Amino acid sequence: MIVLSLQSGTSADGIDVAVVEIETVAGSTSSGTGTGAPSLRLTPLHHDTVDWEPALRARILSVAAGEALDAGAWTRLTTELGRAFAEAAARGIREAGATPELIVSHGQTVHHWVEDGHARGTLQLGEPAWIAERTGVPVLSDVRMADIAAGGEGAPLMAFFDRLWLGGEARTSGRAIATVNLGGIANVQLVTADGSVVAFDTGPGNCLIDAVVDRSSAGAQAYDEGGRLAAAGRVHEGLLATLLAHPYFAAPAPKSTGRETFDLGVVDAAVAATFDDRGWSDAADALPVADLVATLTELTARSVVDALAEAEPAALICSGGGALNPVLLARIAEHATARGIAVESSAARGLDPAFKESLMFALLGYFSLHGLPVELGAEPAGARVLGRFSPGPAPLELPAPLDGVASVAIEHRTIEHRTIEHRTDEHRTNGGATP
C-alpha cells in the first residue's frame, strides 16, 4: 500500500511530506521468527519540505512559547494549519504521481504537558478534516495521546520503528545499537541485544540553537546553516556547566520534554547565573552570538552522549535536521568515540536523515490501519493502536487486522530533496476533489 505522511517538528521549519510504498516481503512469514509475522519493505517514492508562510510560522512559535489565545484564535490557528497541511498533501500526491490509501498527519506540536516527571497530555494542531476533504483520502492523526493515556510518554515515537529496523541486527551482534533523532528536541532509542527498546528525550536538539540564531538575526535566519556560527565560536565552559545543571538532564528515563521546557528563558537564566557578577542578564550582552551557538551545540552533543554512557552501544546512528549540521555531528562523534561508540549518519544505511521521521509516521499509519498496537517502551503492556481516523468523503474501510510485523527494511532510492517556498495562492479548499 501507499501512505503519505505529513509532519512539522518542534522547530516548525516546514511541513515534511513523504510518499512511501509499504510492501510485505515475499516469503517473510516463514523466516524463522517464530511468530509467523511478515517483514515489511519501505520504499520512499517522494519527499519534500514545504515552508511555512513566515507569519504563520511566527504564530506557531509564539503559541509554543506560551502566548495566550482565546477560543476564536485557537480555532483559526488549527484551521489555518489544517489547510496548509492539506495543500502540502495535495502537492505531494501530484508530484509523486501516486494516490495514497492513507495519509498520516502528525500535525504541529505546540505543547507537551509534563508534570511530576511524566507526560500528562500533548497538543498538536492542524485540523485533519481539511486534509481528508482536500484529497479524498482518509487521515490518521492525534497519534500520541493513546500512549499517554495508557501511562506512557507519547514520545519518542521512533522507538517502535527502530525496534523493527534494528532489532534483528542487535540480536545477531549481541550488542546494543543506539539512534538519535536531532530535531528541535533530541531523542535517543537504545535497541538492546534482546531486541527490546528503551527510548526517551535527552533534551534540546536544535531548539535552543535555532531560537538564539532567530533572535540575534531579528528573524532573518532560522537556524545555524552548516554549523557556521558554531564553527566560528568558542565554547564557554562556565555557561555550559550551568546549562548542564538543568534538572531535566538528571531525571531518570523514560522521560519526555518540549519547547515549553527548553526555550530562550533557559538560555537567559543560565547566562544570568553564570555572569551575575557582571550584571548581565541577556545572552546578547554576555557573549558573541558565535560563542553562544557553539556552547549550545556542545550542550546538545554532550547531553546526547551522556545519556548513553551506561548502555555502551556499539553504534550511534544519527538522523533529523541536526544530523545535517557538520559541527554538531562532529562534536557528538568526538564524545561518543571516546566512549567506544561508533557514530554514523542514517544516510550510510540508505535512509535520508531529514526524512527518517516521515518514514516512521508512514509505518505507524500502516500499523493503525491494520489494527496493530505500537510499543514505545520496553514493556508491551502499554502497547496501543495509535491515532484516530478522519474518513473523508467516502466510508472508511479497514483491511483485515494483522497479528504483527517481524521486521522492517528500507529500500534505498535516491530522491531529490527540495524545499518548497510557501505560495499564498494555494491556501484554498477543493471540495474533496482529487488533486
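In short, a report on the structure. Everything numeric in this text was worked out from a predicted model, so none of it was measured. (Residues numbered from 1 in each chain as written. Predicted model: local features only at pLDDT ≥ 70, side-chain atom pairs only at ≥ 80, totals over all residues. Heavy atoms only, no water.)

### Concerning unusual backbone geometry
In step 1: Cis geometry is found at the peptide bond from A155 to P156, where omega equals -10 degrees.
In step 2: By the element assignment, P156 lies in the loop between helix 4 (145-149) and helix 5 (158-173).
In step 3: A253 connects to P254 through a cis peptide bond whose omega is 0 degrees.
In step 4: Position of P254 relative to the elements: it lies in the loop between helix 9 (247-250) and helix 10 (264-274). (Helix = DSSP H or I, 4+ residues; strand = E, 2+ residues; numbered from the N terminus.)

### Brief notes about the sheet that holds strand 7 (residues 177-182)
In step 1: Across the sheet, which stays open at both edges, the 5 strands sit in the order 9-8-7-10-11 with mixed pairing between neighbours. Taken across any chain shown, the strands that pair with only one partner, and hence form the sheet edges, are strand 9 (197-204) and strand 11 (342-345). Between one strand axis and the next, the sheet turns by 20 degrees as a mean value, whatever way the strands run.
In step 2: When strand 10 (residues 315-319) meets strand 11, the two strands line up parallel, connected through 4 bridges. Paired with I317 across the bridge in strand 11 is E344.
In step 3: Where helix 5 meets the sheet, its contacts fall on strand 7, strand 8 (185-191), strand 9 and strand 10, and the angle it forms with strand 8 comes to roughly 35 degrees. (Pairing = 2+ DSSP bridges. Axes fitted to C-alpha atoms, helices over the stretch in contact; angles between N-to-C directions. Contact = heavy atoms within 4.5 Å.)

### Structural notes on helix 6 (residues 207-216)
In step 1: With 7 of 10 residues buried, helix 6 lies mostly within the body of the structure.
In step 2: Buried-residue contacts for helix 6 involve strand 8, strand 9, helix 7 (228-232), helix 10 and helix 12 (289-307).
In step 3: A positive phi of about 55 degrees marks A218, the residue just after helix 6. (Buried < 20%, exposed > 50% of the residue type's maximum accessible area, 1.4 Å probe, protein only.)

### Remarks on the pairing of strand 8
In step 1: Of all the 7 residues making up strand 8, 7 are buried; the element is thus mostly covered by neighbouring parts of the structure.
In step 2: Residue alternation in strand 8 divides its side chains into two sets, I185, N187, Q189 and V191 and A186, V188 and L190, and both sets are buried.
In step 3: Relative to strand 8, strand 7 runs antiparallel, the two being bridged by 6 bridges. If you follow T179 over to strand 8, its bridge partner there is Q189.
In step 4: Between strand 7 and strand 8, which follow one another and run antiparallel, lie 2 residues.
In step 5: As defined by bridge partners, strand 8 adjoins strand 9 across 7 bridges and the pair is classed as antiparallel. Within the sheet, the bridge partner assigned to Q189 lies in strand 9 and is A199.
In step 6: Between strand 8 and the antiparallel strand that follows it, strand 9, lie 5 residues; G195 among them carries a positive phi value of about 90 degrees.

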